[in-house]
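What the coordinates show
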Amino acid sequence: MATAGPRCRQGGAAMASLAAAEPPAPRAASRSPALGPSRSGGERRSNAADAAQDTQSRSVDFDYIIALLGDSGSKDLEKEQLKTLKKVIKHFENGFPLKDVAQITDILNLCAERMCEQEAFTEPLCELIKLFGLPFQKRKSSDEANYSVEVSQSITHLAYLMSLESSQVRIQICKSVVNFFNTELPGKLLSGYQPTSPNYKIRMAEIGGLAEILVLSLKLVENQLTEKLWVLKALQHLSTSEESCEQMVHVQGASRLCLCLNGADPSGQLLFRSSDILWNLLEKASKEEVVYQLRSLECVHALKEAFLELVFGFRHCDHQLRNDLLVIATLLAESPAVPLIESGFAKILIVLATCTEVKLHNPLVKGFKLTYSYEDFEMKKLLFNIIAVLSKDPSAAQLLNESHVIPALLYYVKQNQRSGFPNWSAAQYEELQLHALAVLASVAPLLVDKYLSCHANTLLLAFLEWCMSQDTFFGGGNSFHGKGGRGTKIAQMRYSLRVLRSVVALYDDAVTNNLCDQGAISQLLDILKYAADKYKEKESIALLDIQADILFILSVLCEDDNDRKELFSCEGIGMLVSYLKMDPRKLCSDTGHNCLILSALDCLWSCVIGCFLAEESFIEKQGVFLLLDLLAIKDNNMCHIILGILVEFSDNPKTVLHMSIWKGKRGRTAANVLIQLWRQEEQDLGVKRDQYGKIVDTKRPLITSFQRQQKVIPLPASCPSFSINEVAESIRAKIYLLFCKLGFQNLPGLSAKDVATLAIIQHFIDFKIGEVWSEISAEIKEEFRPVTSDERTLKLISEVSEYTGRMVLGLQIEALERQHHQEIQEEKEIYKELQATQIKKEMINKSWKNFLAQTSNYEALKKAKMHQKTLIEASRSKAKIHDAPENSTDIPKLHTTAPAFRGRTTLAISYKVGKQQPGNNQHFELF
């Protein structure tokens, strides 16, 4: 099989020498032996159908055909070659078998070489290429895998034929490639064969790199419109595959195709197919690589010219293509390296976006007319979107300002009246309004001065007032920005507040003062209450976002201003308390409650702390208890800010009192919660502690795993060391400060392990000082050797720090041993109780057994009776009593059956027991 594409011979010396060395084989006078030997007359078929079936069943002598085509010479030889090629084409008119593809490729290449010499071979070459568009045929299912290499190489050779200077051949190659995607089966099949799977050729084309070769062939057909259109059509089909798209990008296909956009083509097919392929490349290949190839000024200019041509088009297809190019331009605008501003393309897009809202006569859009069709509606949204993308580039600020983007977007900040756009539907106008608000949130921070000069805050506050009114307007909620606002004005409220948040986040005094002067704090609190009430009726993410945005805006407005804090405290503290009472289970959900509670805590820090009246109001409403309830949840996202708030509040004596009396679940105290947070923080930081929480490294008890891994790096005096940075980053310093307010002694609810941890907390500042001195010593010794006195001082400081560590370790051991001794004593007491209980159970069991024996054994009963009498006799007094009265036990006139012991009498005997009291008579029965 040939390994390269055909070569058009100029002199043909090499091929002529090969033909001379190998003379052609003898040929029959009447027919070519290419299709095998002829049959005898008795074996001929009688009808044409059987003859055709027989012709297909014969084998082809490929060696003869290849040798024949390799010869060159007389006119008769040329006729014989053409005749043989026609027979081959006729034989395989329904497709090539996979096993013959390699030989067919050799024939194809030889035919291409003959075509370079004789134009008569053009037609058979095109016919052979045409047959490649039919499905290959296989005899066995395994043929597809077995012949995959030969087939992929064959398709590669087919693509290399694009180098032939024949328009007919090039077009036929592209047609065959397009037919790869045709799933229709041929009318007839070779006997015993079946077509390959529909995607087999496409897979082989991907393996053979067909797309890459066709992209390179665009250079060859640059000035031939028909051929270029067919190449683009083939590439358009191939671009539906990700692998083919990657191959196109590999050979700079994006830039090559972009330069094809502005070619002269009355039909418009060139622009349509090129833009469609570019779209597929952006979707299926690496978007970053495609944008990188399109970043050149030449490509951007080509895109701009094509867009301008379509903007002023009147056909429906022109408007669709215009929007497709606008999407491509948007993707390019996301990359700062693309010269969209330098080319003037960005200015055209911005002017088109604002020309209907701001009535300016700009020559760039002269003749442009909005038809209010669906395509124009999509273009309007795409133009708004590209403004939002350009706003991320600071270099576009001047262009956005000159194009009056802020006034154009503020045009939509009003009640939903469509007087300006009579042809937009209500749903379309609402979608444009919400989109304009979303874009304004991106542009306003970039153009603050223009924003204020247009009185944007006033317009937004009035618009928010309308959003809370009982207007008959009902939002459609059909667009992306209208999600969650169906039947309400929630979406308008959400994006209006997002605009305010974006400008307030700049912390610009002019913006905040402008808002506060217009009563924004009271109005925002009313909106916050309105949103909270609506959320109780029906939960939605939009209402959560509204509440979080309002809390952030209030945080910025009230920060560092006590007058505003007092104004906030009138109604705002009650709202904050309600947020702190949120169900803890909601904090673990993905619905946005975590963000809401963090916004509430941030608002608490900015709007309450620092104002005495606000702090008192918050504490009176049990705010400290709620903060400790949240702290007990141990949410890492909230622990830092809650502890910081408690530290700020701890200057108020009431805060310390509330912390001391707080009780959590299972009787946990504030000290217990803080100690558990300390242990968890040290575990996360990798601080070395044993299983009982005792110090392991007495020299550096607080050092983290990150600090242990760090090498000694000398730092300037203005740069804080790792130990200092750790104080700000971890929560241990905050916990230490809270214990300084609570105290370290007589704290209830602490175990021995808690006491051991508390000993470390108590000496936190001592350990931290020693840690800093250790870093100083290491940095000094890294650069130079200290003098003797300094070295002695450093050593003494290190010894003091180590002594403190050993002392704390001793306290920990003492506390643990005391706890252990107490546990042993408690265990002994419990053991005694268990032992007494066991003895009592044994005595009860023994008594019960004796009772059972008396009821079932007469001898045992007699024995028990004798024992009872013995006890009675032993209990009687030995002194003889004279003149003791006898009392009869008989009851007169009692009509009952008398028992055997009737007539028993009792004696009342009085005797002294200790100090006898008068009338203290003891009675005994005498048998």
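Quantities reported herein were computed from a predicted structural model and do not represent experimental measurements. Per chain, residues are indexed from 1 in the order of the written sequence. For a predicted model such as this one, the threshold for reporting local features is a pLDDT of at least 70, and the threshold for listing and counting side-chain atom pairs is 80 or more; totals across whole chains, interfaces and linings nevertheless cover every residue. For the side-chain quantities, the full set of heavy atoms in the structure was used; hydrogens and water were omitted.

On to the overall build of the protein, then. Helical segments are the DSSP runs of H or I of at least four residues, strand segments are the runs of E of at least two, and each set is numbered from the N terminus. For the protein, the count of helices and strands is 45 helices and five strands. Counting only residues that meet the buried cut, the protein has 46% of its 927 residues in that class. In what follows, residue pairs with any heavy atoms lying within 4.5 Å of each other are defined as contacts. In the protein, of all internal contacts separated by at least 6 residues, the share reaching a separation of at least 24 is 74%. To measure how exposed things are, a 1.4 Å probe is used in the Shrake-Rupley method; for residues, cover is taken only from the protein chains shown. A total of about 49,000 Å² of accessible surface is found on the protein, and carbon and sulfur atoms cover 53% of it. Relative accessibility decides the category of a residue: with a 1.4 Å probe and only protein chains considered, values under 20% of the type maximum give buried, values over 50% give exposed, and everything between is partly exposed.

Okay, the packing of aromatic side chains next. A pair of Phe, Tyr and Trp rings is counted when the ring centres sit within 6.5 Å of each other, with Trp represented by its six-membered ring. The angle between the planes then sorts it: under 30 degrees is stacked, over 60 is edge-to-face, the rest tilted. Evaluated as defined, the whole model comprises 15 aromatic pairs. Taking the centre distance of 5.5 Å and the plane angle of 85 degrees together, the rings of Tyr411 and Tyr412 count as edge-to-face. For Tyr411, a relative accessible area of 22% gives the class partly exposed. Judged by relative accessible area, Tyr412 falls into the buried class, the value being 0%. Grouped by ring-pair contacts, the aromatic residues Phe62, Phe92, Phe96, Phe132 and Phe136 constitute a single cluster. The lysine or arginine in question, Lys201, covers the ring of Phe136, its NZ or CZ lying 4.5 Å from the ring centre. Here the basic side chain of Lys414 rests over the ring of Tyr411, its NZ or CZ set 3.8 Å away from the ring centre. The criterion is that NZ of a Lys, or CZ of an Arg, lies within 6 Å of the ring centre and within 35 degrees of the ring normal, and then a charge sits over that ring.

Residue placement: Asn323 occurs in helix α18 (residues 316-333). Given a relative accessible area of 9%, Asn323 falls into the buried group. Here the side chain of Asn323 touches Arg322 through a polar contact of 3.2 Å, side chain to side chain. Beyond its immediate chain neighbours, meaning those up to four positions away, Asn323 contacts Glu375, Glu378, Met379 and Leu382. In protein, a polar contact means a hydrogen-donor-capable atom and an acceptor-capable atom, both N or O and within 3.5 Å, with residues adjacent in sequence counting only if both atoms are side-chain atoms; elsewhere, any N or O pair within 3.5 Å suffices.

For the purposes of this section, nonpolar cores are sets of buried Ala, Val, Leu, Ile, Met, Phe, Trp, Tyr and Cys residues that join through side-chain atoms within 4.5 Å. One finds Leu281, Leu497, Leu627, Leu631 and Phe739 to be the most contacted residues of the largest nonpolar core, which totals 249 residues. Here this core gets 13 residues from one element, more than from any other, and that element is helix α29 (residues 541-558). Apart from the residues within four sequence positions on either side, Phe739 is in contact with Ala671, Leu674, Ile675, Phe744, Leu747, Leu758 and Ile761.

Cysteine pairs can be covalently joined through their sulfur atoms, and such a bond is termed a disulfide. The rule for a disulfide is simple: a pair of cysteine sulfur atoms within 2.5 Å. Scanning the entire structure with this criterion turns up zero disulfides. Free cysteine Cys570: the closest other cysteine sulfur is in Cys611, separated by 9.6 Å.

Attention now goes to the environment of Met115. You can see Met115 is positioned in helix α5 (residues 101-117). You can call Met115 buried: its relative accessible area is 9%. Each C-alpha atom of the pair Met115 and Leu125 lies 7.9 Å from the other, and the pair is ten residues apart in sequence. Those residues within four positions of Met115 in sequence are excluded, and the remaining contacts are Phe121, Thr122, Leu125, Leu164, Ser166 and Val169.

All right, on to the pattern of salt bridges then. Salt-bridge detection follows one rule: a side-chain nitrogen of Lys or Arg within 4 Å of a carboxyl oxygen of Asp or Glu. Tallying each qualifying case throughout the model produces 29 salt bridges. Note that Asp754 is salt-bridged to Arg679, the shortest N-O span being 2.9 Å. Here the residue Asp754 occupies a position in helix α42 (residues 752-762), and Arg679 occupies one in helix α38 (residues 670-685), the gap between them amounting to 75 residues. By relative accessible area, which is 3% here, Asp754 ends up buried. By relative accessible area, Arg679 is classed as partly exposed at 23%.

On to the environment of Val101. Its place among the elements puts Val101 in helix α5. Residues Val101 and Phe136, 35 residues apart in the sequence, show an inter-C-alpha distance of 8.7 Å. Not counting chain neighbours up to four residues away, the residues in contact with Val101 comprise Phe96, Phe136, Glu150, Val151 and Ser154.

What follows is about a nonpolar patch on the surface. Two distance rules govern patches: like charges are joined within 9 Å, and nonpolar side chains (Val, Leu, Ile, Met, Phe, Trp, Tyr) within 5 Å, applied only to residues with over 30% relative accessible area and no salt bridge. Taken together, the side chains of Phe706, Ile713, Leu715 and Phe722 make up a nonpolar region of the molecular surface, amounting to roughly 330 Å² of accessible area. Position of Leu715 relative to the elements: it lies in the loop between α39 (705-709) and α40 (722-729).

Looking now at a negative patch on the surface. Here Asp and Glu are counted as negative and Lys and Arg as positive; His is not counted, and neither are the chain ends. Charge positions come from single atoms, namely NZ of Lys, CZ of Arg, CG of Asp or CD of Glu. There is a patch of like negative charges on the surface, built from Glu242, Glu243, Glu246 and Glu289. Sort the elements by how many residues they give to the negative patch and helix α13 (residues 242-250) lands first, with three residues. Mapped onto the fold, Glu246 is located in helix α13. The exposure class of Glu246 is partly exposed, given its relative accessible area of 39%.

Attention shifts here to helix α43 (residues 764-783). For a helix, the expected span equals 1.5 Å multiplied by the number of residues minus one. Taking 1.5 Å of rise per residue, the 20 residues of α43 would be expected to cover 28 Å, and the 29 Å separating its terminal C-alpha atoms lies within 8% of that figure. Among all positions in α43, only Phe764, Phe767, Lys768, Gly770, Glu771, Val772, Glu775 and Ser777 are buried. Contacts from the buried residues of α43 go to α38, α39, α40, α41 (732-742), α42 and α44 (788-856).

Among the structural elements, Ser606 can be located in helix α33 (residues 593-607). Apart from the residues within four sequence positions on either side, Ser606 is in contact with Ser555, Cys558, Glu559 and Lys565.

On to helix α37 (residues 653-661), then. At 3.6 residues per turn, the α-helix brings residues three or four places apart onto the same side. Of the residues making up α37, those classed as buried are Thr655, Val656, His658 and Met659. Looking straight down α37, one finds its buried side chains confined to an arc of 165 degrees; they lie on one side. In this structure, α37 carries Pro653, Leu657 and Ile661 as exposed residues pointing more than 90 degrees from its buried face. Those residues of α37 that are buried lie in contact with α34 (612-620), α35 (623-631), α36 (636-649), α38 and α41. As used here, the arc is the angular range of directions from the helix axis to the C-beta atoms.

With that out of the way, let us pick up the confidence of the model for the protein. Confidence of the predictor in every single residue is expressed as pLDDT, which spans 0 to 100. In this model, the protein carries a mean pLDDT of 83, and residues with pLDDT of at least 70 account for 85%. Note on residues 897-927: pLDDT under 50 across the span, and 38 contacts to partners over four residues away in sequence or across chains.

Angular values range over 0 to 180 degrees, each being the angle between N-to-C directions of two axes fitted as lines to C-alpha atoms, with helices fitted over their stretch in contact. The geometry of α42 relative to α44 is characterised by a closest axis approach of 9 Å and an angle of 165 degrees between their N-to-C directions. Comparing the axis directions of α42 and α44 gives the class roughly antiparallel. Crossing angle aside, the handedness with which α42 passes α44 is right-handed. In contact with Ala752, Lys753, Val755, Ala756, Thr757, Ala759 and Ile760 of α42, α44 contributes Val808, Gln812, Ala815, Leu816 and Gln819. The class makeup of the residues in the contact of α42 with α44 is eight nonpolar, three polar and one charged. We call two directions roughly parallel when the angle between them is under 35 degrees, roughly antiparallel when it is over 145, roughly perpendicular when it lies between 65 and 115, and oblique otherwise. Here a crossing is taken to be left-handed if its near helix is turned anticlockwise relative to the far helix by less than a right angle, and right-handed if that turn runs clockwise. When residues are sorted by character, Ala, Val, Leu, Ile, Met, Phe, Trp, Tyr, Cys and Pro go into the nonpolar class, Asp, Glu, Lys and Arg into the charged class, and all the rest, Gly among them, into the polar class.

Our next topic: the packing of α35 against α36. Where α35 contacts α36, the axes come no closer than 10 Å and their chain directions differ by 150 degrees. Here α36 runs roughly antiparallel to α35, going by the angle between their axes. For the element pair α35 and α36, the recorded crossing hand is left-handed. Between α35, through Val624, Leu627, Leu628, Leu630 and Leu631, and α36, the contact on the second element is made entirely by Met638, Cys639, Ile642, Leu643, Ile645, Leu646 and Phe649. Counted by class, the contact of α35 with α36 contains twelve nonpolar, no polar and no charged residues.

The next subject is unusual backbone geometry. Located in the positive-phi region is Gln252, a residue other than glycine, with phi close to 60 degrees. Within the element layout of this structure, Gln252 appears in the loop between α13 and α14 (253-258).

Next up on the list: the environment of Phe314. Within the fold, Phe314 resides in the loop between α17 (297-311) and α18. Counting along the chain gives 55 residues from Phe314 to Lys369, while the straight-line C-alpha distance between them is 9.9 Å.

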